[in-house]
Amino acid sequence: MTPEQKQQIDNMSQYELCKKWRFAKLGDMLLQDDAGEYFSKKLKEKGGFSPDISKSLGWDNEIK
């Protein structure tokens, strides 16, 4: 994981982490290897998916 990837993950809100988790393209570097493990850890630390976040995100969005 690069310092830039770590900083990007650290700066993401719970909602942003959930959105990335749900809608990231296959092979997204923030969800691979060490960065992926760190991403998962930070998502859990911030509360993971709540029912409200899940409903708000839906399934039809995509990250631009």
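Residues numbered from 1 in each chain as written. Predicted model: local features only at pLDDT ≥ 70, side-chain atom pairs only at ≥ 80, totals over all residues. Heavy atoms only, no water.

Caption draft 1: Structural view of the nonpolar core. Counting residues in each nonpolar core, the largest one holds 11 residues, listed as Ile 9, Met 12, Leu 17, Cys 18, Phe 23, Leu 30, Tyr 38, Phe 39, Leu 43, Ile 53 and Leu 57. Those elements that provide at least two residues to this core are helix H2 (14–23), helix H3 (33–45) and helix H4 (51–57). Filtering out sequence-adjacent residues up to four positions away, Leu 17 remains in contact with Ile 9, Met 12, Phe 39, Lys 42, Leu 43 and Lys 46. (Core = buried A, V, L, I, M, F, W, Y, C linked by side-chain atoms within 4.5 Å. Buried < 20%, exposed > 50% of the residue type's maximum accessible area, 1.4 Å probe, protein only. Helix = DSSP H or I, 4+ residues; strand = E, 2+ residues; numbered from the N terminus. Contact = heavy atoms within 4.5 Å.)

Caption draft 2: H2, seen in detail. Here H2 has its buried residues at Leu 17, Cys 18, Lys 20, Arg 22 and Phe 23. Along its buried surface, H2 packs onto helix H1 (3–10), H3 and H4.

Caption draft 3: Looking closely at H3. With 13 residues, H3 should cover 18 Å at 1.5 Å per step; its first-to-last C-alpha distance of 19 Å lies within 8% of that length. Among the residues of H3, those classed as buried are Ala 35, Gly 36, Tyr 38, Phe 39, Ser 40, Lys 42 and Leu 43. Immediately downstream of H3, the backbone of Gly 47 shows phi near 110°, a positive value. (Expected span 1.5 Å × (residues − 1).)

Caption draft 4: Spatial organisation of unusual backbone geometry. The residue Asp 33 is not glycine, and still its phi comes out positive at about 55°. In this structure, Asp 33 sits in helix H3. Exposure remark for Asp 33: the relative accessible area of 62% places this residue in the exposed category.

Caption draft 5: Layout of the packing of H1 against H3. Viewed as axis vectors pointing N to C, H1 and H3 meet at an angle of 20°, and their least axial separation amounts to 10 Å. Of the possible angle classes, the one that applies to H1 and H3 is roughly parallel. Helix-helix and strand crossings are classified by hand; for H1 and H3 the assignment is right-handed. On the side of H1, the interface is formed by Gln 5, Lys 6, Ile 9 and Asp 10, while H3 contributes Ala 35, Tyr 38, Phe 39 and Lys 42. When grouped by side-chain class, the residues that make up the contact of H1 with H3 number four nonpolar, one polar and three charged. (Axes fitted to C-alpha atoms, helices over the stretch in contact; angles between N-to-C directions. Parallel < 35°, antiparallel > 145°, perpendicular 65-115°, else oblique. Left-handed = near helix turned anticlockwise from the far one by under 90°. Nonpolar A, V, L, I, M, F, W, Y, C, P; charged D, E, K, R; others polar.)

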